[in-house]
Amino acid sequence: MKLYYNPVSSYSQKTLMALYEKGITFEPSVVDLMSAEGRAAYKKVYPIGKVPFLDNPESKWVVPESSIIIEYVDRHHAGGTKLIPDDPDLARQVRMRDRFYDLYVNNPMQKVFFDGFRPEGQRDPFGVKQAHDTLDTSLAMADEEMATRTWAMGDDFSMADCAAAPALAYTSKIHPGFDKHKNVVAYLGRLVERPSFARVLKDAEPHLAKMMGK
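As the structure is a computational prediction, the values presented were derived from the model and not from experiment. (Residues numbered from 1 in each chain as written. Predicted model: local features only at pLDDT ≥ 70, side-chain atom pairs only at ≥ 80, totals over all residues. Heavy atoms only, no water.)

As for the overall build of the protein chain
Helix and strand counts for the protein chain stand at eight helices and four strands. The N-to-C order of helical and strand elements in the protein chain reads β-α-β-α-β-β-α-α-α-α-α-α. Relative to its length of 214 residues, the protein chain is compact, with a C-alpha radius of gyration of 17 Å against a globular reference of 17 Å. Each principal axis of the C-alpha atoms in the protein chain carries an extent, and together these give about 45 × 45 × 25 Å. Long-range pairs, those at least 24 residues apart, make up 69% of the contacts in the protein chain with a sequence separation of at least 6. Summed over its atoms, the accessible surface of the protein chain is roughly 11,300 Å², and 54% of this surface lies on carbon and sulfur atoms. Averaging the positions of the 28 positive and the 29 negative side-chain charges in the protein chain gives two centres separated by 4 Å. (Helix = DSSP H or I, 4+ residues; strand = E, 2+ residues; numbered from the N terminus. Rg over C-alpha atoms; globule rule 2.2 N^0.38 Å. Contact = heavy atoms within 4.5 Å. Areas by Shrake-Rupley, 256 points an atom, 1.4 Å probe, with all protein chains shown as cover. Lys, Arg positive; Asp, Glu negative; His and termini not counted. Charge placed at Lys NZ, Arg CZ, Asp CG, Glu CD.)

This is the structure in structure tokens:
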């Protein structure tokens with residue numbers, strides 16, 4: 001299997017975390033999203049131009065989107081951490097929490113993060129405020145739920161935690177109200193200590209430093 005990804009991309013990090021949890025060997029292909037040449041070359045592989053993207057020639061499958069990739073590998077690779085339960089009701093709850101962290105934490109976080117890279121005069125202060133408002137609401141909801149849980153589903157690590165890890169890690173750096181959500185802060189601490197996410201963060205360090213001009 002070949003995975004097209006960028007180490008800084010939160011959705012790539014989510015997918016990498018899942019692959020590491022499963023113990024899956026794959027061929028890495030880092031996509032340079034910061035250059036026009038890199039984006040153009042990647043669009044020849046996947047015209048939508050988003051990462052991650054999984055190419056599995058053995059099964060003649062190409063799989064876009066982080067959640068779908070995780071569903072695919074969890075079904076077809078029995079080893080490692082079980083990321084989506086076999087029980088239909090529990091599986092639905094995992095998917096719901098996966099969507100929650102993608103749509104209501106990760107996406108508004110990205111709005112704030114990438115708005116800072118826009119030239120003066122092209123920024124969107126109203127949109128950024130809306131994103132921060134969404135984060136306030138989402139983090140408060142997550143904080144209440146995580147008061148009695150170790151992982152997003154309780155005692156068992158799942159795809160929802162793969163979604164939560166990069167979303168919360170980036171949000172902690174860009175959202176002023178993050179630290180008041182003590183249960184979420186503690187949850188992020190557990191995620192950072194998880195070997196799969198620690199590896200993801202280490203791999204991303206040089207790429208993030210380059211992106212930030214450090």
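Observations concerning the sheet that holds strand 1 (residues 2-5)
With mixed pairing, the four strands of this open sheet are ordered in space as 2-1-3-4. In this open sheet, the two edge strands, each paired with only one partner strand, are strand 2 (27-30) and strand 4 (61-64). The mean inter-strand angle of the sheet, taken between neighbouring strand axes irrespective of direction, is 15°. Docked against the sheet, helix 3 (residues 66-76) engages strand 1, strand 3 (53-56) and strand 4, running at close to 135° with respect to strand 4. (Pairing = 2+ DSSP bridges. Axes fitted to C-alpha atoms, helices over the stretch in contact; angles between N-to-C directions.)

Comments concerning the side chain of Asp-102
For Asp-102, the position within the fold is in helix 4 (residues 88-115). Setting aside chain neighbours within four positions, we find Asp-102 in contact with Tyr-11, Lys-14, Ser-66, Ser-67, Asn-107 and Ala-163.

Quick notes on unusual backbone geometry
With omega at 5°, the peptide bond leading from Val-51 into Pro-52 counts as cis. By secondary structure assignment, the location of Pro-52 is in the loop between helix 2 (36-43) and strand 3. Of note in this structure, Glu-65 is not a glycine but carries a positive phi near 75°. Position of Glu-65 relative to the elements: it lies in the loop between strand 4 and helix 3. For Glu-65, a relative accessible area of 42% gives the class partly exposed. (Buried < 20%, exposed > 50% of the residue type's maximum accessible area, 1.4 Å probe, protein only.)

Considerations on the side chain of Asn-106
Along the chain, the position of Asn-106 falls in helix 4. Among the polar contacts made by the side chain of Asn-106, one reaches the side chain of Ser-10 at a distance of 2.9 Å. Sequence-distant contacts of Asn-106, that is, excluding residues within four places in its chain, are made with Ser-10, Tyr-11, Tyr-101 and Ala-167. (Polar contact = N/O pair within 3.5 Å; in protein donor to acceptor, adjacent residues only side chain to side chain.)

Considerations on the pairing of strand 3
On any regular strand, side chains alternate: one points to one face of the sheet, the next to the other face. Relative to strand 3, strand 1 runs antiparallel, the two being bridged by three bridges. Paired with Leu-3 across the two strands is Leu-54, which belongs to strand 3. As judged from the four bridges shared by strand 3 and strand 4, these two strands associate in the antiparallel manner. If you follow Phe-53 over to strand 4, its bridge partner there is Pro-64.

With respect to the nonpolar core
The nonpolar side chains of a soluble globular protein tend to be buried with one another. Counting residues in hydrophobic clusters, the biggest one holds 47 residues, and the most contacted among them are Tyr-101, Leu-168, Tyr-187 and Leu-191. Contributions of two or more residues to this core are made by strand 1, helix 1 (10-22), helix 3, helix 4, helix 5 (125-145), helix 6 (159-174), helix 7 (182-193) and helix 8 (195-211). The element best represented in this core is helix 6, accounting for nine residues. Those residues in contact with Tyr-101, other than ones at most four positions away along the chain, are Asn-106, Ala-142, Met-146, Ala-160, Ala-163, Ala-164, Ala-167, Leu-168 and Tyr-187. With six residues, the next largest nonpolar core counts Val-31, Tyr-46, Val-51 and Phe-53 among its residues. (Core = buried A, V, L, I, M, F, W, Y, C linked by side-chain atoms within 4.5 Å.)

Fair warning: the whole summary comes from geometry, so function is off the table for now.
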